[in-house]
Every structure is written in C-alpha cells, then in structure tokens.
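Each chain, written out:
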Amino acid sequence: SELIRGFLLSGMPCPSSCPPGLLALMAPGLALMAAFSLPSQAGDRRALPVEKPPGVKGRTLILLDVNTKSPVRIISENFLSLQLDPSIIHDGWLDFLSNRSSAKSSTRGRGSTGGDKKQNQTRNSSRNGAACRAEPSPGLAISLFSFPFAVDIVRSDIALDKQKGCKIAQHPDIMLELQREKAAQMHLVLLKEQFSNTYSNLTLTARSLDKLYNFADCSGLHLIFALNALRRNPNNSWNSSNALSLLKYSASKKYNISWELGNEPNNYRTLIGRSVNGSQMGKDYTQLRSLLQLIRTYSRAHLYGPNIGRPRKNVIAFLEGFMKVAGGTVDAVTWQHYYIDGRVAKVTDFLKTRLLDTLSDQIRKIQKVVNTYTPGKKIWLEGVGMTSAGGMNNLSDSYAAGFLWLNTLGLLASQGIDVVVRHSFLDHGHNHLVDQNFNPLPDYWLSLLYKRLIGPKVLAIHVAGLQRKPRPGRVIRDKLRIYAHCTSYHNHNYVRGSITLYIINLHRSRKKIKLAGTLRDKIVHQYLLQPYGKDGLHSKSVQLNGQPLAMVDDGTLPELKPRPLRAGRTLVIPPLTMSFYVVKNVNALACRYR
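Structural notes, computed from the coordinates.

What counts, and where the lines are drawn
- Residues numbered from 1 in each chain as written.
- Predicted model: local features only at pLDDT ≥ 70, side-chain atom pairs only at ≥ 80, totals over all residues.
- Heavy atoms only, no water.
- Buried < 20%, exposed > 50% of the residue type's maximum accessible area, 1.4 Å probe, protein only.
- Helix = DSSP H or I, 4+ residues; strand = E, 2+ residues; numbered from the N terminus.
- Pairing = 2+ DSSP bridges.
- Phe/Tyr/Trp six-rings, centres within 6.5 Å; stacked < 30°, edge-to-face > 60°.
- Lys NZ or Arg CZ within 6 Å of the ring centre and 35° of its normal.
- Axes fitted to C-alpha atoms, helices over the stretch in contact; angles between N-to-C directions.

Overview of the pairing of strand S19 (residues 499-505)
Alright, step 1. Within S19, 7 of the 7 residues are buried, which leaves it mostly tucked inside the rest of the structure.
Alright, step 2. For S19 and strand S26 (residues 577-583), the ladder comprises 7 bridges, and the chain directions are antiparallel. Its bridge partner being in S26, Ile499 is matched across the sheet by Val583.

Set out below in structure tokens:
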C-alpha cells in the first residue's frame, strides 16, 4: 500500500486504508498537488550578462537563470489531483478499493471530478438508501466521482492510528485474477458502447456509495460527487428530486462531500435529444446551491462546474451564458481537455510541440470569459488525459505520454490554473497511472517526483541561447521546455530557499545548460527519468538515473535517489528525456517562507 504513500508529504505516514499497491497512490499523500513552473516563453527570454565559457560553442550551450526575488504565481497546494473512473462500479474494482472500517475517520482533503468518456449519473432512491444510475453521457465519460490527492491540512492519519478504524481489505490472489478477467470483459463491453454511442445504465446503490465514501475517508481523501443533470422536466429545467434523495441520504450519514452537476453539458443533445444552453445550466446550478443550503450538512459545501468540453466557439458561448447566471454560485469554474483521439494516436504525436501548445490557447479562452464575469474566480482543469476514447495500449500508458503530462502541468501552473485533475488513477482504458496489477506506470513516477520535489511557488526563468532564427513563414516552437519552482517545503532533504528545475527535452540530440546568476556554482541533485527496456518510448517502465524503478514489494516504494552533480557543472540533458534538478542552498528570497 505504499503507492499512495509515495505521494504523501515527506516524513508523514500514510494510513493503511487501501488494498496493497493501491493505497499508496490514493492516500492524502497523493496530494499530488504539486505546482509547476513557468514555461520558457519568448517574452521571458532575455540575454544574460554572462560570458560564454572559453571553448564552448554558443549554439550548443544554453544559459539559464531564475528570478529568485518573488514568485510569478502561487498555485494551490492541491494543484495536482486524480480521479477514478465510474467504470470501477461496473466492472467490480470498487470492492477491491473499499476499506473495512469500524470507526469513522476525520480525514479531509480536497479534489475534483472529471471523466473519461463513458457515463453520466442519475440518482434514485431505494429501500436501502440512495442509488445512482449512470445514463449514457456524450461519449465523453463523466466521472461519477473522483479522488483528488490534494491535502493541505494537518494529516489526520494520526487519528486513524489511534482509532485503528480502517483496515486493509485482504483478497486472495485467485480473487484478483478473476477480477482482472471480469474487468477485461467489461472493458470490451464499454468500448462497444463507446463506439456505438449507446450506453447501458449504471446503478450506484447506497451500499456502493458507503464503500466509496469509506474508501476516501479512510485514505484521507475528499470526495467530489457529480450529480446527474440529464434528468430534465418538460420545460427543460433540471429535475432535482432524485438528487435531493441522495443529498439527504449522504447528510444522514454525515458524509463530507463536495458537489458538481453534470458533465460536458454542451453535448447533451446527443444524449437526451435536446440541448441545454449555458443560461439554463446556470439556473440548474443555482437550484442545486439552494438545495445544498436547505441541508445543514451541506449549507457551506463546495460546488464546482460546469465542467464543459474543449472551448470551441459553441462551448465558449455556453460558458458565457453560464457565467452570467451562476458565475458567483460556483467555487471554481471547470473544464476538461483531451489532447488526441486515442484510436488514431501515434508515438510521434507526443513529440509534436504544436500539440503541446494547444492547451495554452484553451487556457486563455477560458480565462477571458471567467475574468469578464467574475474576475479572480479560480479555474480548474477538471478532466485531463493525454488521449481520448480510453487511450491506446503501449502508448497513452507509456513513457512517451509523459511529455504531454509534464508539459501540461507546467503550462497550467504558469498560467494560473488552480487545480488539475488527472484522468485517471485506475480505469478501463490506458490513460491511468496504475495498471490492473497495481504496478505504477511511467506517469505515476513522474507525478511522484512532482510531489516530492515541486512546491506551489512558480518562478520566472531567463534563458539565452535557446531560440533559433526562424525561417521566413515558419514558427520556431521550443523542443526544450524549462520550468522552475521553489522546492517543496515538505521535502526535508532540502533546506528552504532551494529551487527545483523541471526540463523536457524533445530534441533528438542532447542539450547543455549552464546555470548562471543566482544558480551559478551551486550543488545540484539530478533526477533523470528515461525509458527502461527494449521498448524505448513505448516502454511502461522507467529508470531513474540509470536504475529501474519498481515496487520493492506490495507495500514498499523504492528509494528515489538523486545523482549529485558538483558545483558549477554543466547540465547535460539527454535526448527525448524528462528530468528534475534541485539546485541546493540558493537561499532564494521567494522560497524562504511559505
């Protein structure tokens, strides 16, 4: 159960509340909420007053300095969150995630909802409580729930240790094998539904909701639940009767849950034969807020939305209508983004700088609308995956997909997005962080290093020697992406004032970086991630500084050892790699205090 423990704050133990191999990824430690650095955009590139070392060709050396006086952004401690796909209810994995609990935990965290490409939910009351019926969603999966890993509070697993109320559910190997076979069959069913755009109902019973909440609570996570917006009255307003039953049931159990309504409502015409515009969705959210205020347990509950799709022209119009009516009702505005169709993706797609840059334009479009109606309102990217349609085996779950993932984190942090929710921790497709044997995939290790090394303060970088002269009619897009942050305060291996650089090299040749200014002549710790094995970029295994990364056993993560580099040494970045560099003892003013 050390997978989630890896995401925990340094020196803080994780509660034993998840099945072996899974808890590690899902505990509050998976407050994977690390923030990321400012991209090396053209406006930040200024020549440094640093002379080139003798004998070094100018075109091969990049000079890098960081503004250490003040951060350009301060991102939420909960920046990186995760979600689970609702298919875990359908295919049986929920029973393997649930925990046995004899005492209630007081653990809290924060997170967000999201979705793959499958289902929306409806809530129905039943004799044993509330039920949730998943109805077909616009081919875009709506997350029934998500498990964010963002913990910005004093960890309450101490209370769990005292109460000893959460225990690991043990399952024989034969049960796990049967479950994998069942999940594989269900995967084929879900794919068939997805391609035919016809979906079967999915019911979440009160017992299933209890399991979900128990799992989140014992793991120190905060649950965000997306209510079904497809239940409509004849006048096209939201029918909230079913949702009210669920709210009352959850309140009776004193469940601490945040809420959302619907998933990609801009696509509802394909589901219910009629569209819901932004202003109507805004009225629906206003109605939901009124319901929450009627129930004491949820009178101050957080509400997020509208979780729209990619901001094309019609979606922007939808968001404008929503913000006019309900901009002040939600605690954060949410949208989702998937880069490419997983059914046609190729490994070379993940190396295209033009694809990496598409997100930046979307961020600006969303921010423009939000700031027009509610300046300063927080924005979440609440569902993000490298590929849509469930992804592709040996591609969206491979080392190559990490280039998009790391760059996504860097862009979002640098442009002020408060939270990003990764789809998904474990699901039926190939966008997840952990496989069905609970083995960490490459993006897990990337996320783990983020958590260990990256703090919420984003720093501006200054680069010289990176930009080539563009030929007429051509735009030069950087294949070397550099970000900088204050090192995480929770990492006790580094004193406050240290800086962490995060670098993506998409070139097919190595690049040399000379640290200058305040970073000059400092000791550096290198964390270089490369694919491991003969599959190259398709590999599902990675090596850190030449050592393969794998679980020591079901409950133990390997030690993530840095490679110390002597003071003043030039950083050599191998081709097609991702790496972190902690510059020690910089005593950066921006990083001395929280």
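More follows now that the structure is in view.
Digging into the packing of aromatic side chains
Alright, step 1. The final tally for this structure, using the stated rule, is 11 aromatic pairs.
Alright, step 2. On the numbers, 6.0 Å between centres and 55° between planes, the contact of Phe225 with Trp259 is tilted. Highlighted residues: Phe225 in strand S10 (residues 223-227) and Trp259 in strand S11 (residues 257-261), separated in sequence by 34 residues.
Alright, step 3. Note on Trp259: relative accessible area 0%, which makes it buried.
Alright, step 4. Ring centres 5.4 Å apart and planes at 85° place the aromatic pair Tyr444 and Trp445 in the edge-to-face group. Note on accessibility: Tyr444 and Trp445 belong to one class, buried.
Alright, step 5. An aromatic cluster is present here, built from Tyr450, Tyr483, Tyr502 and Phe580 joined pairwise through their rings.
Alright, step 6. The ring of Tyr489 has Arg496 sitting right over it, with the charged end atom 4.9 Å from the ring centre.

What about unusual backbone geometry?
Alright, step 1. A cis amide bond links Gly305 to the next residue, Pro306, at an omega of 5°.
Alright, step 2. Here the bond from His423 into Ser424 is cis, since omega is 15°, no more than 30 degrees from zero.
Alright, step 3. Secondary-structure assignment places Ser424 in the loop between strand S15 (419-423) and helix H15 (442-453).
Alright, step 4. Phi is positive for Asp521, close to 60°, though the residue is something other than glycine.
Alright, step 5. A relative accessible area of 55% means that Asp521 is categorised as exposed.
Alright, step 6. The backbone of Asn585 sits at a positive phi, close to 55°, despite the residue not being glycine.
Alright, step 7. By secondary structure assignment, the location of Asn585 is in the segment after S26.

Observations concerning the sheet that holds strand S20 (residues 511-515)
Strand pairs in the sheet, formed through backbone hydrogen bonds, run parallel or antiparallel to each other.
Alright, step 1. Strand order in the open sheet made by the 4 strands is S17-S1-S20-S25, with mixed pairing throughout. In this open sheet, the two edge strands, each paired with only one partner strand, are strand S17 (461-464) and strand S25 (571-573). Averaged over all adjacent pairs, the angle separating strand axes in this sheet is 30°, with direction ignored.
Alright, step 2. Relative to S20, strand S1 (residues 61-66) runs parallel, the two being bridged by 4 bridges. Across the sheet, the residue bridging to Leu61 is Lys512, located in S20.

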